[in-house]
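Breakdown of the fold
Each chain, written out:
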Amino acid sequence: MAFFLLILTFLMENSLAFDPYARVVWKQEIENIATITQSPDGSTLYALEDWSDDYNKIHTLNASTGDVIWTYCCVDDATLNPDGSILYGVTRNATILTLDTTTGNVVWEFYSSYHEVGDPLSLALHGETLFVSNSLDIFALNTATRDVVWRYTDGYSYIGNPVLSPNGSALYVTDFTYIYALNTTPHSGMGNSTSGYVLWKYVTNGVPIVVSPDGSTLFFYAVPEDDIWIYALNTTTGDHIWNIDFVYSWLALSPDGRALYVGCNKTFYARNAKKGEVIWKYDHGGALYFDNSAVSPDGSTLYVGFNDKYTYAFNATTGDVLWKYKTNEEIRHPTVSSDGSRVYAFSDVALYAINTPFPSTVNTTQPT
């Protein structure tokens, strides 16, 4: 009898771990994934390997089955055009290329002569304009004509990590001394800090991360005192709004921009995005990964990966745990499918597709 009670107690305390509704649909063994991008219709995934390798590949997968459709080597960064038919990539030798997303074949290439080979490059896209972080400068490329519309440099600093405003009117970049807000439609030619390209700059060694949906706030990471901090800046003026310190996870924003989610040591927080104030917190007891949370498309469910090999689903409003699911590896960087029915997440050696109990747009209550 005592043994039976012991087993029953164990099952009750760990019931969330055995949730039959959240399960691995497929697993694809791909190592060192850095980012996952979905096609607009959600049918295809693009898994980009980490920058640490000079021969980074991008793998295209069927989102339903996990089967690899095609693989291309080698790109530092990649972004999709709005209809998902073209994948723009940039290579370590400063070649910008376009890949047909159906076949993986190269459509056209563009070589930038202003790049120091070996430095990673990164991309941002708005309409037909591709913004390319290119070592000592950043330039805007018209993808229809393949003309360089404008180029910005201060002449000596690395400029990178471009993040666009929602309406595409401003581009935020860093040289690890300042964060700059650049006007995306200046006059043609070479730009510098006095030519009208710079809207404002903020002194920091930080890296831009994301802009609020209404375009009013820029969030970025910085390391002012050997700890990682998150800052919020007014995008019109560049003025400081608030900051929080001792951060240990990637920042996720709610779709309406009212809440942000971030880990700090062994605790995960939901905070008011306008003021940085705590809405709720979850004390996990274990460390979080630096890129570990994602919000469902309707904003109702938050998914977090912890290093205990569990992926958690939280009620994004209250912080209540809806379910958790254990895999064989430590899971990082969850990405939610466009209909909320699956979570894609990766470990050091594999990419997982995990079913959620229900599509988040229908119901996020734990099944009984």
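Residues numbered from 1 in each chain as written. Predicted model: local features only at pLDDT ≥ 70, side-chain atom pairs only at ≥ 80, totals over all residues. Heavy atoms only, no water.

Some remarks on the pairing of strand E21 (residues 229-234)
By the criterion of burial, E21 is predominantly enclosed, with five of the six residues buried. Of the strand pairs in this sheet, strand E20 (residues 217-222) and E21 are connected by six bridges, and their pairing is antiparallel. By the bridge assignment for E21, Phe-220 is matched with Tyr-231. Two strands pair when backbone bridges link them, and E21 and strand E22 (residues 240-244) are joined in this way by four bridges, in the antiparallel orientation. Residue Ala-232 lies in a different strand from E22, and its bridge partner there is Trp-242. (Buried < 20%, exposed > 50% of the residue type's maximum accessible area, 1.4 Å probe, protein only. Helix = DSSP H or I, 4+ residues; strand = E, 2+ residues; numbered from the N terminus. Pairing = 2+ DSSP bridges.)

A few points about the sheet that holds strand E5 (residues 68-73)
With antiparallel pairing, the four strands of this open sheet are ordered in space as E2-E3-E4-E5. Edge positions in the sheet fall to strand E2 (33-38) and E5, since each of these pairs with one other strand and no more. In this sheet, neighbouring strand axes are inclined to one another by 20 degrees on average, regardless of whether the strands run parallel or antiparallel. Bridge analysis of strand E3 (residues 44-49) against strand E4 (residues 57-62) gives five bridges, and the strand direction is antiparallel. Across the sheet, the residue bridging to Tyr-46 is Thr-60, located in E4. (Axes fitted to C-alpha atoms, helices over the stretch in contact; angles between N-to-C directions.)

Quick notes on the sheet that holds E21
Strand-to-strand pairing in sheets goes through backbone hydrogen bonds, with the strands running parallel or antiparallel. Taken in spatial order, the four strands make up an open sheet running E19-E20-E21-E22, and their pairing is antiparallel. A single partner strand is all that each edge strand has here, and the edge strands are strand E19 (207-211) and E22. Each neighbouring strand pair of the sheet contributes to a mean axis angle of 25 degrees, computed without reference to strand direction. The sheet contact formed by E19 and E20 spans four bridges and is antiparallel. Note that in E20 the partner of Val-211 across the bridge is Leu-218.

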